[in-house]
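Here are the chains, one letter per residue:
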Amino acid sequence: MVSKESGEEEMRRRRRRIRGFLGLGFCVQGFRCFPWTAVVFFLKDSLNASPSTLQLLQNSANLPMVGKPLYGVVSDAVYVGGQHRIPYIAVGAFLQAVSWLAIAILSSPNISIFSITIFLLLSNLGASIVEVANDAIVAELGKQKHPSSSSSSSSSGELQSFVWMASSAGGVLGNLAGGVAIDRFPPRAMFFAFGALLAVQFLVTTMVSESSLDLPRTPSGAGIRRQLRELAGALGKPEISYCISWLAASYAVIPALTGTMFFYQTRRLNVDSSVLGISKVFGQAAMLAWSIVYNRYLKSLPVRKVTSYVQATMALLMFSDFLFVIGVYRHAGVPDAVHVVFFSGLLEVLYFFKILPFTVLMARLCPRGCEGSLMAFLMAAVALAFIVSGYLGVALAACVGVTADDFSGLPVGLLVQAACTMLPLFWCSCIPEEKPRTEKKKDK
């Protein structure tokens, strides 16, 4: 009896260590919106970037995210000092810290857009490495069975929801702090503050061992070629490949107009930066609420049903943006700031609502041993889809004649965007209608 109680106490301490470590990592990554708020205003106000240039830079800076499958394969196959997750998190945090501190030191009106793009690419390279390692840890631990959990899939869903909440909490804090700081401090101070935070994360990571997190060990001699074969085998399963294809396509077919809307809100409507900050805080709070609601009420529903509702809601909010731009809400007495905070804030994060059920599904379908590779491939496909979406948005803005000073074609662009958002609903049959296995095991 005593040994059993001591074992349960040790398990609880280990779970607290796991959640503390992952909570810190995901919270810091969610907090990345803090310096990016400064980047956007720095490009617009100090470097006089156009809407198309701003959107091209934002999307091009995400190119390192497309390399996530490579980082995942290396993380799965190559051990450093007997560990294959923690060292990569430390390297990623270090790269990010160096990048943002360099931007803080060199940022001035004389810095070129090309130079700042290089540092942002390096920062996102570090962020993508950290995300791959963290996602792999979540997938690995989610497949372990615990006495307190009815199945490994329920454990996976709980851990996925927890790290989603940690990331959302970081996003809430980052956007809130960014909205307040952008009017009180120069962008250089915000870059430096985030670089210092990443340096702290690097130091904390170097003091953690994988054994303390109870991470499963796989043979270190597996090799990259074998890992690639296992990844190819996992992607060869229709239930996996079809899901990833649908998720990526559901983003890629939508021409994003984020840069154009940012200029419309700040230049045409003169919306204050604090209002934009509150809008992003509301969006992140909605993401936090989504993780709680999904974990408690929606994870028993088929993924196809959940994502279809999310996709349709996105199209509805995009049509709401169309009504907003042509002045329907304004004539009805709704202030511009109210729409920006609630509708635009929600739409900005609604894109990411589909990722949570898909990561839970992928963690359940993923074969053991290639968790890092498959989760990395999933997020790389999403990142590439976002880049394609951003480039299509730049092309759409050019086609409808939107510039930094002329927004007459924006309503047409928003209608096209809403119509494209409905397209993925026609091939949602690619998503398997599979319910979590907890119900099956209970039936047994």
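Above: the structure in question.
These remarks concern the structure in this document. Since we're looking at a predicted model, the values are computed, not measured. (Residues numbered from 1 in each chain as written. Predicted model: local features only at pLDDT ≥ 70, side-chain atom pairs only at ≥ 80, totals over all residues. Heavy atoms only, no water.)

### Examining the pattern of salt bridges
Thought 1: For the structure on display, the rule yields seven salt bridges.
Thought 2: The partner of Arg 32 in a salt bridge is Glu 131, with the nearest N and O atoms 3.6 Å apart. With Arg 32 in the loop between α1 (2-30) and α2 (33-46) and Glu 131 in helix α6 (residues 113-142), this residue pair connects regions lying 99 residues apart in the sequence. Of the two residues, Arg 32 and Glu 131, both sit in the buried class.
Thought 3: In this structure, Asp 45 engages Lys 44 in a salt bridge whose closest nitrogen and oxygen atoms are separated by 2.8 Å. (Salt bridge = Lys/Arg side-chain N within 4 Å of Asp/Glu carboxyl O. Helix = DSSP H or I, 4+ residues; strand = E, 2+ residues; numbered from the N terminus. Buried < 20%, exposed > 50% of the residue type's maximum accessible area, 1.4 Å probe, protein only.)

### Examining a nonpolar patch on the surface
Thought 1: Taken together, Val 78, Val 80, Ile 224 and Leu 228 make up a surface patch of nonpolar side chains, about 290 Å² in accessible area.
Thought 2: Here Val 80 shows up in the loop between α4 (68-77) and α5 (86-106). (Patch = residues over 30% accessible without salt bridge, like charges linked within 9 Å, V, L, I, M, F, W, Y side chains within 5 Å. Areas by Shrake-Rupley, 256 points an atom, 1.4 Å probe, with all protein chains shown as cover.)

### A short note on the packing of α5 against α6
Thought 1: Taken N-terminus to C-terminus, the directions of α5 and α6 make an angle of 155 degrees; their axes are 8 Å apart at the nearest point. When the interaxial angle is binned, α5 and α6 end up roughly antiparallel. Regarding α5 and α6, the two cross each other, and that crossing is left-handed.
Thought 2: Across the contact of α5 with α6, the residue classes tally to 18 nonpolar, six polar and no charged. (Axes fitted to C-alpha atoms, helices over the stretch in contact; angles between N-to-C directions. Parallel < 35°, antiparallel > 145°, perpendicular 65-115°, else oblique. Left-handed = near helix turned anticlockwise from the far one by under 90°. Nonpolar A, V, L, I, M, F, W, Y, C, P; charged D, E, K, R; others polar.)

### A word on helix α10 (residues 238-252)
Thought 1: For α10, built from 15 residues, the straight-helix expectation of 21 Å at 1.5 Å per residue is met to within 8% by its first-to-last C-alpha distance of 20 Å.
Thought 2: Buried within α10 we find Ile 240, Cys 243, Ile 244, Trp 246, Leu 247, Ala 248, Ser 250, Tyr 251 and Ala 252. (Expected span 1.5 Å × (residues − 1).)

### Regarding α2
Thought 1: Given a rise of 1.5 Å per residue, 14 residues ought to cover 20 Å, and the 19 Å separating the end C-alpha atoms of α2 matches this to within 8%.
Thought 2: With 12 of 14 residues buried, α2 lies mostly within the body of the structure.
Thought 3: Three or more residues of α2 are buried, namely Cys 33, Phe 34, Pro 35, Trp 36, Thr 37, Ala 38, Val 39, Val 40, Phe 41, Phe 42, Leu 43 and Lys 44.
Thought 4: Asn 48 sits one or two residues past α2 and shows a positive phi near 55 degrees.

### Here's the deal with the environment of Pro 64
Thought 1: Here Pro 64 lies in the loop between α3 (51-60) and α4.
Thought 2: Taking the C-alpha atoms as reference points, Pro 64 and Pro 411, 347 residues apart in sequence, are found 33 Å from one another.
Thought 3: If we ignore the near neighbours within four places in the chain, the residues touching Pro 64 are Tyr 71, Leu 121, Asn 124, Leu 125 and Ser 128. (Contact = heavy atoms within 4.5 Å.)

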